[in-house]
Amino acid sequence: MADNEPSGFWSYTHRDNDLDDGRILRLAEAIGNEYEIITGDELKVFVDSKAIAWGDAWRVKIDSAIFGITFLIPVMTPRFFLSQECRKEVITFAGHAASLGLEDLLLPIHYVNVPKLTDDPSGDEVMSLLAQRQWVDWRDLRLESEQSPAYRKAIHELAVRLSGIVEAAMTIDRPIMGQASEDDEPGFIEVMASAEEALPRWTKAVEELGRATVQISSEMEWATEQISQSDSRGGGFAGRLAVSRQLKERLMAPVDEISLLGSQYSAELIQVDPAVLQVIRTVADGGLSEDDFQAAQDFFTSIKELCKSVEVAMPQIESFREGVHGAARSSKELRPVLNDLQVSLQKVIDGETIIAEWGRLIDELSEGLGGEN
């Protein structure tokens, strides 16, 4: 792939494409073709996130200076927001794009109606990220014939929009940390100070989340035992319902705690993500004083310690979330509180995506510098 060749990565679920008779992939092809017709340049479209070519091209593009002509096009449906892989792609791309001042390169398509996306996206970090973008509304167009004038015109308009974004991206001066700007954005020292202050909070949040999940697991084990005892006494479903109501009350406090921790944890990580990526890029570019370089190395060491803490905690949290999902389906009484718990745990899992990306980039930087952090 040529360095100056625009590329687009389609983030979608294969199941959605299958259910819509392959129209999502045909849409990608049609937009790529229309882009080439109106510009004379090829828009390389990657559509299979499971293929080796996707992963290789994704990493090369997202890590390099040619990121400015790379799009991520999320095809938003209810199932999209349930896909952990799709969520990771959005979170990772959004941080890199923001760190380069290129937010327009995240171009969502609202393909099937997602009510929360327009009503109240604030409870879902990925929805919030995408709702802030100028997404393309395809909810009615997907019901049109692919050969209809309305559909073809919409394809053309989207290709024109992409070409305009490419032209604009080529002229944007990339932010360089440490240089003064009209917006008075924080420099290297300010970002480092802010991130260093936040690191203990993130580590503490991971530890407290672990304790809270243990408490909730204990409460659910208590309920299982109570149900068993009730069944042995012939309590039937009325007895089970009574236990469910007690469990709901016992879960409210720890679920509220996880909800607060999860919201603070993920929101802060998403907010600081572009700045941390910029710190990593600044170190990679060189030109720092010896003191600043050493400060960055110490900071990276702290980040790697955080990565280890998250790596240890995350399998338990993901497994716990799956268990909660199953329990929520079995009891209407418990469903509201357990649904709140699932949302909160998802925020924690989303935060792990950001921290893991920092760790990956720091490892690669360390290898490039010939040492280890």
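Reading the values: rules and limits
- Residues numbered from 1 in each chain as written.
- Predicted model: local features only at pLDDT ≥ 70, side-chain atom pairs only at ≥ 80, totals over all residues.
- Heavy atoms only, no water.
- Phe/Tyr/Trp six-rings, centres within 6.5 Å; stacked < 30°, edge-to-face > 60°.
- Buried < 20%, exposed > 50% of the residue type's maximum accessible area, 1.4 Å probe, protein only.
- Lys NZ or Arg CZ within 6 Å of the ring centre and 35° of its normal.
- Helix = DSSP H or I, 4+ residues; strand = E, 2+ residues; numbered from the N terminus.
- Pairing = 2+ DSSP bridges.
- Contact = heavy atoms within 4.5 Å.
- Axes fitted to C-alpha atoms, helices over the stretch in contact; angles between N-to-C directions.
- Core = buried A, V, L, I, M, F, W, Y, C linked by side-chain atoms within 4.5 Å.

Our next topic: the packing of aromatic side chains. Summed over the entire model, instances satisfying the criterion amount to seven aromatic pairs. Between Phe80 and Phe81, the aromatic rings sit 5.3 Å apart at their centres with planes inclined by 80°, giving edge-to-face as the arrangement. Given a relative accessible area of 0%, Phe80 falls into the buried group. What makes Phe81 buried here is its relative accessible area of 6%. Judged by centre distance (6.1 Å) and plane angle (45°), the ring pair of Phe299 and Phe300 falls under tilted. Take Phe299 and Phe300: they sit in the same class, and that class is buried. These aromatic residues form a ring-pair network of at least three members: Phe9, Phe46, Trp58 and Phe93. Over the face of the ring belonging to Phe46 we find Lys44, whose NZ or CZ atom lies 5.6 Å from the ring centre. Its guanidinium or amino end placed over the ring of Trp222, Arg250 lies 3.9 Å from that ring's centre, counting from NZ or CZ.

So, on to the pairing of strand S3 (residues 70–76). In terms of residue burial, S3 counts as a mostly covered element, since seven of its seven residues are buried. Here S3 shows no split at all, with Thr70, Leu72, Pro74 and Met76 on one side and Phe71, Ile73 and Val75 on the other all buried. Sheet topology places strand S1 (residues 7–11) next to S3; five bridges connect them, and they run parallel. Of the residues in S3, the one forming a bridge with Phe9 is Leu72. Pairing of S3 with strand S4 (residues 109–110) involves two bridges; the strand directions are parallel. Each residue of the ladder has a partner; that of Val75, found in S4, is Ile109.

The next thing to look at is the environment of Ala57. Looking at the secondary structure, you find Ala57 in helix H3 (residues 52–63). Between the C-alpha atoms of Ala57 and Phe9, which are 48 residues apart in sequence, the distance is 9.3 Å.

Below, the discussion takes up the sheet that holds strand S5 (residues 136–137). What the five strands build is an open sheet, ordered S2-S1-S3-S4-S5; its pairing is parallel. Across the chains shown, the open sheet's two edge strands, defined by having one partner strand only, are strand S2 (44–46) and S5. Across the face of the sheet, helix H7 (residues 149–171) comes into contact with S3, S4 and S5 while running at roughly 145° to S3.

Before going further, it helps to examine the nonpolar core. One finds Trp10, Trp138 and Trp358 to be the most contacted residues of the largest nonpolar core, which totals 109 residues. In terms of residue count, the dominant contributor to this core is helix H9 (residues 236–285) (16 residues). Non-local contacts of Trp10, meaning those with residues more than four positions away in its chain, are made with Ile24, Leu27, Ala28, Ile31, Val45, Phe46, Val47, Trp54, Ile73, Val75 and Ile109.

In terms of burial, S1 is a largely internal element, five of the five residues being buried. Of the two faces of S1, both are covered, the one formed by Ser7, Phe9 and Ser11 as well as the one formed by Gly8 and Trp10. Here S1 pairs with S2 via three bridges, running parallel. Residue pairing for S2: Ser7 is matched across the bridge by Lys44.

Next up on the list: the environment of Thr353. Assignment of secondary structure puts Thr353 in helix H11 (residues 335–369). Note on Thr353: relative accessible area 6%, which makes it buried. In this structure, Thr353 is in contact with Gln84, Lys88, Ile91 and Thr92, ignoring residues within four places of it in sequence.

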